[in-house]
Amino acid sequence: MSDLACRLASRSIFSEQEPQARGEDGLSRTWITRGGNFAVCVSEVQPGAVLARQDNPEEHMLITPPHGAILTVEAGGQVVEAQPDSLTIVPPGPSRITARSAGRLVRIFSKAAGDVVALAVNGAAYADGAPELAPVDLWPEPNGGFRLRHYPLAQYFDPQGERIQPRCFRSTNMMVNLFGHFHTRRDTQSLSPHWHDDFEQASLCLAGTWIHHLRYNWGADLASWVPDDHTALPTPSVIVIPARVIHTSRDVGPDGPESSLYDIFCPPRMDFAAKPGFVLNEDDYPLPTDRGEQQAKTGGTLLNWQKPG
């Protein structure tokens, strides 16, 4: 890695912010944090709350965490009852989410949803348009066409399995890695410092206390150097880690309490998508015919997914 990061990481600790959007019905509050190509929207809803999109230009993702809200999702003439601990991919066009219980939900939009991105608390950080990021190209349409695709997450988690259990899903425009929740803290001798050359990573944490260790590359000008960052963040919170910043994350505190980590990438990562069996819904979404340049876009020490840590 030789290039310098073009911006600092963005952090949102929702308990320290006013929500960026409130439902007209008064039953929802939403905190919005953007990256160069996406926006992460975390909502607290009451029964009867409605979150609707009139004509969303691309797919978006809906995460209902454990202990989250029970939802009815309508789009494309279909209806899905989304229970807590599930992922739903919502097709382009109009959609409607109705809360059947109080709780939390997460929606992730691409930057094509310009009205959403414009509300982000950290919008000023991207006034330059993020030219360091690779162009956003939509991947091929899903097999069978666009429709609601719903994935209960418990079926992809083994309570007796490895501590780190990635659960990676993708759509035409983004990828999420919804790690199985943790009840033991990460071994500090098994960390995974790495960087991404031309894409960002958002890490959304809804439970636990997390340190996202960050190191910015040095340039010739000492005055521009950024100190290493080891700030502990409460949850719920999200951090957007810029391209070229060395990073690794760990939950801290005593074993026992639950912690969660959801990583978000937009567009999808080819290195993950091209690894057979790693993307759990790979049968639903074909890979691009032209995969472009195949050189690594990530450097450093990546996690061995089968290694306890």
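Residues numbered from 1 in each chain as written. Predicted model: local features only at pLDDT ≥ 70, side-chain atom pairs only at ≥ 80, totals over all residues. Heavy atoms only, no water.

Draft legend 1. Structural view of the side chain of Asp-85. Take Asp-85: it is sitting in the loop between strand E8 (78-82) and strand E9 (86-90). Despite its burial, Asp-85 pairs with no opposite charge, the nearest such side chain being Arg-167 at 4.4 Å. Each residue touching Asp-85, except ones within four places of it in the same chain, is listed here: Thr-64, Pro-65, Pro-66, Pro-152, Leu-153, Ala-154 and Arg-167. (Helix = DSSP H or I, 4+ residues; strand = E, 2+ residues; numbered from the N terminus. Buried < 20%, exposed > 50% of the residue type's maximum accessible area, 1.4 Å probe, protein only. Lys, Arg positive; Asp, Glu negative; His and termini not counted. Salt bridge = Lys/Arg side-chain N within 4 Å of Asp/Glu carboxyl O. Contact = heavy atoms within 4.5 Å.)

Draft legend 2. Local environment of the layout of surface pockets. The calculated volume of the second largest pocket comes to roughly 390 Å³. Of all elements in the fold, only strand E2 (21-22), strand E3 (28-34), strand E5 (50-56) and helix H1 (114-117) reach the threshold of two or more residues within the lining of the second largest pocket. Examining the composition of the lining of the second largest pocket, we find that 4 residues originate from one element, E5, more than from any other. A breakdown of the residues in the lining of the second largest pocket according to their chemical character gives 8 nonpolar, 3 polar and 6 charged. (1 Å grid on protein atoms, 1.4 Å probe; cavity = no way out; pocket = protein on both sides within 12 Å on 5 of 7 lines; lining within 4 Å. Points joined across faces, edges and corners; volume = space filled by probe spheres on them. Nonpolar A, V, L, I, M, F, W, Y, C, P; charged D, E, K, R; others polar.)

Draft legend 3. Spotlight on the pattern of salt bridges. Following the criterion strictly, the structure yields 11 salt bridges and no others. Arg-7 is the partner of Asp-128 in a salt bridge, and the nearest nitrogen-oxygen pair spans 3.0 Å. Taken as a pair, Asp-128 in the loop between H1 and strand E12 (149-152) and Arg-7 in the segment before strand E1 (10-13) lie far apart in primary sequence, 121 residues in all. Arg-53 serves as the salt-bridge partner of Asp-115, at 2.7 Å between the closest nitrogen and oxygen. Highlighted residues: Asp-115 in helix H1 and Arg-53 in strand E5, separated in sequence by 62 residues. Through salt bridges with shared partners, a single ionic network connects Arg-7, Asp-128 and Glu-132.

Draft legend 4. Quick peek at a nonpolar patch on the surface. On the surface, Trp-218, Leu-222 and Trp-225 cluster together to form a nonpolar patch covering roughly 370 Å² of accessible area. Its place among the elements puts Trp-225 in the loop between strand E17 (209-215) and strand E18 (232-233). Since its relative accessible area comes to 32%, Trp-225 is described here as partly exposed. (Patch = residues over 30% accessible without salt bridge, like charges linked within 9 Å, V, L, I, M, F, W, Y side chains within 5 Å. Areas by Shrake-Rupley, 256 points an atom, 1.4 Å probe, with all protein chains shown as cover.)

Draft legend 5. The arrangement of the packing of aromatic side chains in detail. Overall, the coordinates contain 8 aromatic pairs when judged by the stated rule. Seen in terms of ring centroids, Tyr-151 and Phe-169 are 5.1 Å apart; in terms of plane orientation they differ by 40°. Their pairing is tilted. Of this pair, Tyr-151 sits in strand E12 while Phe-169 sits in strand E13 (residues 168-170); the two residues are 18 residues apart in sequence, bridging distant segments of the chain. No difference in accessibility class separates Tyr-151 from Phe-169, as the two residues are buried. Taken together, the aromatic side chains of Phe-199, Phe-265, Phe-272 and Phe-278 make up a single cluster linked through ring pairs. The cationic tip of Arg-269 hangs over the ring face of Phe-265; the distance from NZ or CZ to the ring centre is 4.8 Å. (Phe/Tyr/Trp six-rings, centres within 6.5 Å; stacked < 30°, edge-to-face > 60°. Lys NZ or Arg CZ within 6 Å of the ring centre and 35° of its normal.)

Draft legend 6. Quick look at the sheet that holds strand E19 (residues 237-241). Reading across from one edge, E1-E19-E16-E21-E14-E13 is the order of the 6 strands in this open sheet, with antiparallel pairing throughout. If you trace the sheet from one side to the other, it starts and ends with E1 and E13, each paired once. Here the average twist between neighbouring strands, direction ignored, is 15°. Bridge analysis of strand E16 (residues 201-205) against strand E21 (residues 262-265) gives 3 bridges, and the strand direction is antiparallel. Among the inter-strand pairings, Ser-203 is bridged to a residue of E21, identified as Asp-263. (Pairing = 2+ DSSP bridges. Axes fitted to C-alpha atoms, helices over the stretch in contact; angles between N-to-C directions.)

Draft legend 7. Spotlight on the environment of Phe-14. With respect to the helices and strands, Phe-14 occurs in the loop between E1 and E2. Since its relative accessible area comes to 4%, Phe-14 is described here as buried. The residues contacting Phe-14, other than those within four sequence positions of it, are Trp-31, Thr-33, Val-42, Leu-204, Pro-236, Ser-237 and Val-238.

It is worth stressing that arrangement in space is one thing and function is another; only the former is reported here.
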